[in-house]
Amino acid sequence: MTKKTVAVVSSDAVLSSLLEHILNSTYTVSAFRNIESVIDYIYNSVPDLIIIDVNEQDQMTLRVLSSLKGDPIFHQLPVLLVLGDTQSIPRWDVLFVEDYIRKKDLEQEGRSRVDLSIVRSERSVEVNPLTKLPGNISINRQLQDRLDGGNTFALAYADLDHFKPFNDYYGFTRGDEVIRITGRLILNIVKNKQSQESFVGHIGGDDFVFVVDVGLVEEISQEIIDAFDRIIPTLYDPDERAKGYIEAKDRQGQIRHFPLVSISIGITTNVNRPFTHYGEITELASEMKSLAKRKEASCYSIDKRRGIPRR
């Protein structure tokens, strides 16, 4: 079973070492000296919990933390704050953390408080357990809020091709790794290109969506495709990688050659389109994804038509 991950942010090496000692038997712990250094890590691999050691004078850390928790992708990411023994308790309506613990209590209570923080977050939030990305409820809310607010944006719907044969051939463990890598890749590229006001969600299975500015969507989609096509061959065994396909049975029980997994992205925007419901724009993005899937290689297809959407 894969260990859950905890990111520790502290400039105090002794405190970081103590937390690693307490948690290492159960969790994969990554330590960072400041909040800025943990951001790239979060974009690449969303942890199950962040532990932050911060004092009241460290306004930069508090601002970055508030900005991170204000992002719709990360607002459900639980944060455990480590406070000094005499430090005042923060205002929860200003600093969006889920719990706190005093430094003096770490050795005795640290492990149980971490366990509780993660269990509580898993029960109360709506995220995909494999990728830690927001699921359908959050996706639909994001789209509807943007439509209601009159925002112009691009919606991209990404889907993997030939994933089922890969999953059947190599097993669900390696299949899950493909899904995890895809989620990390999309999140990392989207956030590097547009750190604010972007959104990435995991519909389920091998289906993802991302919402970005109209002027960036094609550049981001192509970068995702290029990165995906570089990474995916490394997940095949040498023989299949060299051949460029796997040999497996199709749904009719016939032996077929299935190409390496590729990614198809369907894109639409609400530019000059009077969408009023998230279902309208997701339907059109799905149509464009189906169009992209007709091609053998990874690609994207964008709808540039103008007019009233079908209802």
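This report concerns the structure included in the present document.

## Quick notes on the overall build of the chain
Here is step 1: Along the backbone of the chain there are 10 helices and 12 strands.
Here is step 2: Scaling as 2.2 N^0.38, a compact globule of 311 residues should have a C-alpha radius of gyration of about 19 Å, and the chain matches this with 22 Å.
Here is step 3: C-alpha extents for the chain along the principal axes are approximately 65 × 50 × 30 Å.
Here is step 4: Going through the 311 residues of the chain one by one, you find that 50% of them count as buried.
Here is step 5: Contacts in the chain between residues far apart in sequence, at least 24 positions, make up 66% of those at least 6 positions apart.
Here is step 6: Carbon and sulfur atoms provide 50% of the accessible area of the chain, an area that totals close to 15300 Å².
Here is step 7: For the chain, the separation between the mean place of its 38 positive charges and that of its 45 negative charges on side chains is 3 Å.

## Regarding the sheet that holds strand β6 (residues 154–161)
Here is step 1: The strand order β7-β8-β6-β11-β12 describes an open sheet built from 5 strands, whose pairing is mixed. Strands with a single pairing partner mark the edges of an open sheet, and in this sheet they are β7 (199–204) and β12 (299–302). Sheet twist, expressed as the average angle between the axes of neighbouring strands with direction ignored, equals 20°.
Here is step 2: Strand direction decides the pairing type here: β6 and strand β11 (residues 262–269), joined by 8 bridges, are antiparallel. Paired with Ala154 across the bridge in β11 is Thr269.
Here is step 3: Along the sheet face, helix α10 (residues 278–292) touches β6, β8 (207–212), β11 and β12 and points at about 140° away from the line of β11.

## Quick look at unusual backbone geometry
Here is step 1: Within the chain, Lys132 stands out as a residue other than glycine whose phi angle is a positive 65°.
Here is step 2: Note that Lys132 resides in the loop between α4 (106–124) and α5 (136–148).

## Notes on helix α2 (residues 35–44)
Here is step 1: If you check which residues of α2 are buried, you get Ile35, Val38, Ile39, Tyr41, Ile42 and Tyr43.
Here is step 2: Each element contacted by the buried residues of α2 is listed here: β1 (4–9), β2 (27–32), β3 (49–53), α3 (59–70) and α7 (172–193).
Here is step 3: The opening residue of α2, the one whose side-chain oxygen lies 3.3 Å from the backbone nitrogen of Glu36, is Asn34.

## Examining the side chain of Thr182
Here is step 1: You can see Thr182 is positioned in helix α7.
Here is step 2: Its relative accessible area of 1% is what places Thr182 among the buried residues.
Here is step 3: Not counting residues within four places of it along the chain, the set of residues in contact with Thr182 comprises Leu160, Phe208, Phe228 and Ile263.

## Focus: the pattern of salt bridges
Here is step 1: Using the criterion set out here, one finds 18 salt bridges in the structure.
Here is step 2: In this structure, Arg113 engages Asp99 in a salt bridge whose closest nitrogen and oxygen atoms are separated by 3.2 Å. Remark: Asp99 occurs in strand β5 (residues 99–102) and Arg113 occurs in helix α4; sequence separation between them is 14 residues. An identical accessibility class is assigned to Arg113 and Asp99; each is buried.
Here is step 3: The salt bridge partner of Asp168 is Lys164, with a shortest N-O separation of 2.7 Å.

## Quick look at the sheet that holds β3
Here is step 1: Within the open sheet, the 5 strands sit side by side as β2-β1-β3-β4-β5. Their pairing is parallel. Two strands close off the open sheet at either side, each with one partner strand: β2 and β5. Strand-to-strand twist in this sheet, taken as the mean axis angle between neighbours without regard to direction, amounts to 20°.
Here is step 2: For β1 and β3, the ladder comprises 4 bridges, and the chain directions are parallel. Along β3, the bridge assignment pairs Val8 with Ile51.
Here is step 3: Contacts from helix α1 (residues 13–23) reach β1, β2, β3 and β4 (79–83), with the element oriented near 175° to β2.
Here is step 4: The sheet strands contacting α2 are β1, β2 and β3, and the helix crosses β1 at an angle near 160°.

What counts, and at which threshold
- Residues numbered from 1 in each chain as written.
- Predicted model: local features only at pLDDT ≥ 70, side-chain atom pairs only at ≥ 80, totals over all residues.
- Heavy atoms only, no water.
- Helix = DSSP H or I, 4+ residues; strand = E, 2+ residues; numbered from the N terminus.
- Rg over C-alpha atoms; globule rule 2.2 N^0.38 Å.
- Buried < 20%, exposed > 50% of the residue type's maximum accessible area, 1.4 Å probe, protein only.
- Contact = heavy atoms within 4.5 Å.
- Areas by Shrake-Rupley, 256 points an atom, 1.4 Å probe, with all protein chains shown as cover.
- Lys, Arg positive; Asp, Glu negative; His and termini not counted.
- Charge placed at Lys NZ, Arg CZ, Asp CG, Glu CD.
- Pairing = 2+ DSSP bridges.
- Axes fitted to C-alpha atoms, helices over the stretch in contact; angles between N-to-C directions.
- Polar contact = N/O pair within 3.5 Å; in protein donor to acceptor, adjacent residues only side chain to side chain.
- Salt bridge = Lys/Arg side-chain N within 4 Å of Asp/Glu carboxyl O.

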